[in-house]
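# Close look at the chain arrangement
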Amino acid sequence: MTWSLFFVQALNGLQYGVLLFLLAAGLTLVFGIMNFVNLAHGSFYMLGAYLGAAAYSASGSFVLAGVAAVTGALVIGVAIERTTLIAFYARDHLYQVLATVGLILFFNEIARILWGSSAIYMRAPQAFTGAISLMGILYPSYRFLVIAVGLAVAVGLYVLIHHTRIGMLTRAGATNLRLVSVLGINIRLLNTALFGLGAALAGLAGLMAAPILAVQPGMGDNIIVTVLVVIVVGGIGSIRGAFFGALIVGLVDTIGRVYLPILLSHVTERDSADAAGSALASMLIYLFMAVVLAVRPQGLFPMPR
Amino acid sequence: MKSLYAAFTLSLAIILTNSVSAQQTVKIGFVGTFSGSGASFGEDMYDAFMLPIERNGGKLGGVPVEVIRKDSQFKPEVANQVTDELLDRENVSIVAGVTFSNEMMAIYQKVIGRGVYIIGSNASPSQLAGAQCSPLYFNTNAQNDQRAEAAGKYMMEKGYKRVYTMAPNYQAGKDYLAGFKRYYKLPLAGEVYTSLSQLDFQAELTQMTAAKPDAVYAFYPGGLGVQFIRQWRQAGLAGAIPLITGSTVDLLTLPALKEDAIGVVHFAPWGPDLDNPQNKRFVSEFDAKHKRLPSEYAASAYDSALLLDSAITRVKGNLGDKPAFTAALKAADFQSVKGKFKFNHNHMPIQDFYVFEVVKDGNKDRYTHKTVTVAMADAIDAYQADCPMK
């Protein structure tokens with residue numbers, strides 16, 4: 001258990017964390033500002049991955065794949081928001097959950113019809129197929145690209161939220177939406193813009209995940225549960241919370257998965273340590289969320305109210 | 001009362017099959033997973049099973065056969081339901097195929113209880129090779145863990161001293177590792193079980209690299225394998241550490257893996273380049289008809305059709321005499337695509353296991369397995385001692 005190994009594992013956690021952040025940013029805005037529970041957020045992630053993979057195999061350009069994934073998810077997100085979700089804003093959360101679960105099933109089936117039920121695979125862009133030696137440990141260069149894109153988006157969102165008019169409205173909306181609308185701001189338009197932004201970021205996350213994971217129907221269903229953990233830990237409605245929450249969850253999950261079995265092997269036999277360690281590691285982020293909820297129910301980095 | 005009912009249905013089934021036997025159409029129910037994530041397995045099996053039948057003008061052993069294809073959807077309850085249809089409505093005398101173990105376990109007792117044969121060519125649960133073996137059940141595949149046993153023996157003989165193992169944390173993963181350790185006797189440099197729902201193995205690969213093993217044995221079937229191999233290559237490990245796998249780079253995943261899988265080592269009782277006339281014919285006919293290389297699941301299904309052909313010939317189409325038909329099947333009087341092939345007393349094959357390496361298929365834009373050597377000759381499964389049949 002050397003420090004260089006720990007550093008590389010922390011890098012793995014960071015990479016997972018920024019991927020979660022791309023998803024959490026949109027979800028937390030929609031949840032925190034529009035007070036809308038959108039479980040179908042994972043579908044935009046899946047669609048981004050599919051559109052990106054399709055564009056990449058057709059054009060061979062990763063940039064074009066990015067354009068396809070982001071604009072595709074944006075357009076679909078805005079269309080769904082305008083046509084379907086708008087009818088559920090005034091309703092109770094239960095209706096929103098039911099409607100968006102329906103959307104998950106709908107999009108999974110669409111993906112199955114268009115691309116088939118078996119997974120499709122996207123290659124990493126040519127320049128990022130190799131590995132870099134980091135203190136004697138080989139590390140895939142594509143993962144650095146994921147980290148770089150995630151951090152760039154974080155900086156971009158920081159500027160957007162804190163230094164632009166739409167960001168000011170967003171922050172104001174998170175604090176008191178009704179007051180903002182009374183001041184003559186078109187809340188409907190703001191909602192649509194936020195929803196579209198969230199969907200576009202989810203599409204980008206899907207594209208970045210595609211060369212690492214398999215692109216398949218339902219790929220967004222599992223990750224959205226982890227993303228919900230992220231926004232609960234970080235504080236609902238807060239981009240800063242989504243960012244730090246995602247990094248914490250990414251690190252806790254990765255480091256826990258690797259080091260728990262090793263730690264347990266000091267106290268118990270190896271076979272049971274392996275079994276108990278990996279079982280405990282998959283529970284770790286939920287245990288962490290439970291602790292956060294007990295100690296700071298508003299999340300670690302809540303919006304100031 | 002239950003046994004009386006069973007005896008009654010059994011005798012009724014015998015009377016029924018007797019009355020329709022002798023040159024009448026033999027009905028075969030082919031149960032396979034044809035939809036969902038396991039669909040490619042079922043399709044490959046069915047396409048290969050139909051090849052000898054179509055070549056013989058719809059006959060096996062000179063008798064016209066009717067194959068009724070049923071989709072079990074990778075769900076035991078659906079397998080159960082379609083088997084009911086095959087037994088009650090279609091009155092089949094043979095159930096063939098069966099893709100996954102949980103499907104086989106769901107239908108086994110019911111089919112055997114009705115006096116109907118199961119000629120399985122893929123799913124091969126260990127219980128059915130052991131204590132629950134039956135005169136009515138034959139399987140042309142192998143026990144899953146035999147592939148791992150062959151790998152363990154090969155890696156022991158190759159002299160690898162620091163082997164690191166990786167597998168998903170579920171029953172098949174543990175079975176493979178148990179089979180591997182039956183023949184690989186040295187202590188492992190590391191043994192990692194990843195969560196079955198886990199898709200990203202980077203953290204475990206980092207941990208593995210730090211342990212500096214001289215070879216890795218990994219079991220990641222289907223889509224998991226595609227992700228594992230791609231991440232392996234992205235991490236720069238291809239060529240750096242020998243990767244020995246079980247059911248990870250089969251011919252169903254190679255079209256997705258392409259050059260990422262080059263050099264990865266694989267174990268199976270069959271490969272497309274095995275040098276025997278039956279195999280050459282099988283591979284070229286399959287390729288010509290379906291425009292792809294057959295997988296080992298296809299090879300076993302093809303063998304199961306040849307097995308039926310030989311047995312039906314022996315009994316001259318009279319499937320009613322069960323002891324005679326069982327003996328005819330047991331004789332396995334056909335040229336298998338695997339080369340050597342005979343049945344053990346538990347009706348599981350005694351066959352060779354080979355070491356394969358992934359290579360480019362000549363100048364075609366696809367990838368295949370190249371035979372390296374025999375890993376284990378005349379391999380016998382670990383469960384046969386529990387089977388009371390002689």
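See above for the structure.
These notes cover the structure that comes with them. Here the structure is a predicted model, which means the values were calculated and not measured.

Here is what the cut-offs are and how they apply
- Residues numbered from 1 in each chain as written.
- Chains lettered and ligands numbered in written order.
- Predicted model: local features only at pLDDT ≥ 70, side-chain atom pairs only at ≥ 80, totals over all residues.
- Heavy atoms only, no water.
- 1 Å grid on protein atoms, 1.4 Å probe; cavity = no way out; pocket = protein on both sides within 12 Å on 5 of 7 lines; lining within 4 Å.
- Points joined across faces, edges and corners; volume = space filled by probe spheres on them.
- Helix = DSSP H or I, 4+ residues; strand = E, 2+ residues; numbered from the N terminus.
- Nonpolar A, V, L, I, M, F, W, Y, C, P; charged D, E, K, R; others polar.
- Phe/Tyr/Trp six-rings, centres within 6.5 Å; stacked < 30°, edge-to-face > 60°.
- Buried < 20%, exposed > 50% of the residue type's maximum accessible area, 1.4 Å probe, protein only.
- Lys NZ or Arg CZ within 6 Å of the ring centre and 35° of its normal.
- Contact = heavy atoms within 4.5 Å.
- Pairing = 2+ DSSP bridges.
- Polar contact = N/O pair within 3.5 Å; in protein donor to acceptor, adjacent residues only side chain to side chain.
- Right-handed = clockwise from strand over helix to strand, strands pointing away.
- Disulfide = S-S within 2.5 Å.

### Describing the layout of surface pockets
All names here are of chain A. Volume-wise, the second largest pocket comes out at about 400 Å³. Every residue lining the second largest pocket is counted, 22 residues in all, and those nearest its centre are Tyr158, Ile161, His162, Ile239 and Arg240. Of all the secondary-structure elements, those providing two or more residues to the lining of the second largest pocket are helix 1 (3-34), helix 5 (141-163), helix 6 (165-175) and helix 10 (239-264). The dominant element in the lining of the second largest pocket, judged by the number of residues it contributes, is helix 5, at 7 residues. Across the lining of the second largest pocket, the residue classes tally to 16 nonpolar, 4 polar and 2 charged.

### Considering the packing of aromatic side chains
Summed over all chains, the structure comprises 37 aromatic pairs over all chains. Here the aromatic rings of Phe138 of chain B and Phe343 of chain B are separated by 5.1 Å at their centres, their planes lie at 65°, and the arrangement is edge-to-face. Taken together, the residues span a long stretch of sequence, with Phe138 of chain B in strand 6 (residues 137-139) and Phe343 of chain B in strand 12 (residues 342-343) at a distance of 205 residues. Assigned by exposure class, Phe138 of chain B and Phe343 of chain B land together as buried. Linked through ring pairs, Phe21, Phe243, Phe244 and Phe301 of chain A together constitute an aromatic cluster. The ring of Phe34 of chain B carries the charged tip of Arg69 of chain B above its face, separated from the ring centre by 3.8 Å. For Arg69 of chain B, the ring lying beneath its charged end belongs to Tyr46 of chain B, and the centroid distance is 4.8 Å.

### Things to note about the environment of Leu74 of chain A
Residues and elements named next belong to chain A. Here Leu74 lies in helix 3 (residues 62-83). Put simply, Leu74 and Gly235 are 161 residues apart on the chain and 25 Å apart in space, counted from C-alpha to C-alpha. Ignoring sequence-local partners within four residues, the contact set of Leu74 consists of Gly196, Leu197 and Ala200.

### Describing the sheet that holds strand 3 (residues 63-71) of chain B
Residue and element names in this part refer to chain B. Judged by pairing direction, the sheet is mixed, and its 6 strands sit side by side in the order 2-3-1-4-5-6 without closing on themselves. In the strand order of this sheet, the two ends are held by strand 2 (59-60) and strand 6, each with one partner. Bridge count for strand 1 (residues 26-32) against strand 3 is 7 bridges, and the pairing is parallel. Along strand 3, the bridge assignment pairs Phe30 with Arg69.

### Some details on the side chain of Ser124 of chain B
Residues and elements named next belong to chain B. Looking at the element boundaries, Ser124 is found in the loop between strand 5 (117-120) and helix 5 (126-129). Here Ala142 takes part through its backbone oxygen, which lies 3.3 Å from a polar atom of the side chain of Ser124. Looking at Ser124, its side chain comes within polar contact range of the side chain of Gln143, at 2.9 Å. In this view, Ser124 contacts Ser101, Tyr137, Asn139, Ala142, Gln143 and Met348; residues no more than four positions away in its chain are not counted.

### Details of the pairing of strand 4 (residues 94-97) of chain B
Residue and element names in this part refer to chain B. With 4 bridges connecting them, strand 1 and strand 4 associate as parallel partners. Bridge pairing in strand 4 places Val31 opposite Gly97. Bridge count for strand 4 against strand 5 is 4 bridges, and the pairing is parallel. In the strand pairing of strand 5, Gly97 is matched with Gly120. Once the chain exits strand 4 it traverses helix 4 (residues 101-113) before rejoining the sheet at strand 5, and the crossover so formed is right-handed.

### Remarks on helix 8 (residues 202-210) of chain B
All names here are of chain B. Most of helix 8 sits inside the fold, with 8 of its 9 residues counted as buried. The complete set of buried residues in helix 8 reads Gln202, Ala203, Glu204, Leu205, Thr206, Gln207, Met208 and Thr209. Among the residues trailing helix 8, Lys212 stands out with phi positive, at a value near 50°.

### Thoughts on the pairing of strand 10 (residues 243-246) of chain B
All names here are of chain B. With burial as the criterion, each face of strand 10 is covered, one bearing Leu243 and Thr245 and the other bearing Ile244 and Gly246. Direction of pairing for strand 9 (residues 215-219) relative to strand 10: parallel, over a ladder of 4 bridges. When the sheet's bridge partners are listed, Ala218 is paired in strand 10 with Thr245. Running through helix 9 (residues 222-234), the crossover from strand 9 to the neighbouring parallel element strand 10 is right-handed.

### A word on the state of the cysteines
All names here are of chain B. Tallied over the entire structure, the rule returns 1 disulfide over all chains. Put simply, Cys133 and Cys387 are joined by a disulfide, and their sulfur atoms are 2.0 Å apart. Its torsion about the S-S bond being 85°, the disulfide of Cys133 and Cys387 is classed as right-handed. In this pair, Cys133 is assigned in the loop between helix 5 and strand 6 and Cys387 in the segment after strand 14 (367-379), connecting sequence segments 254 residues apart.

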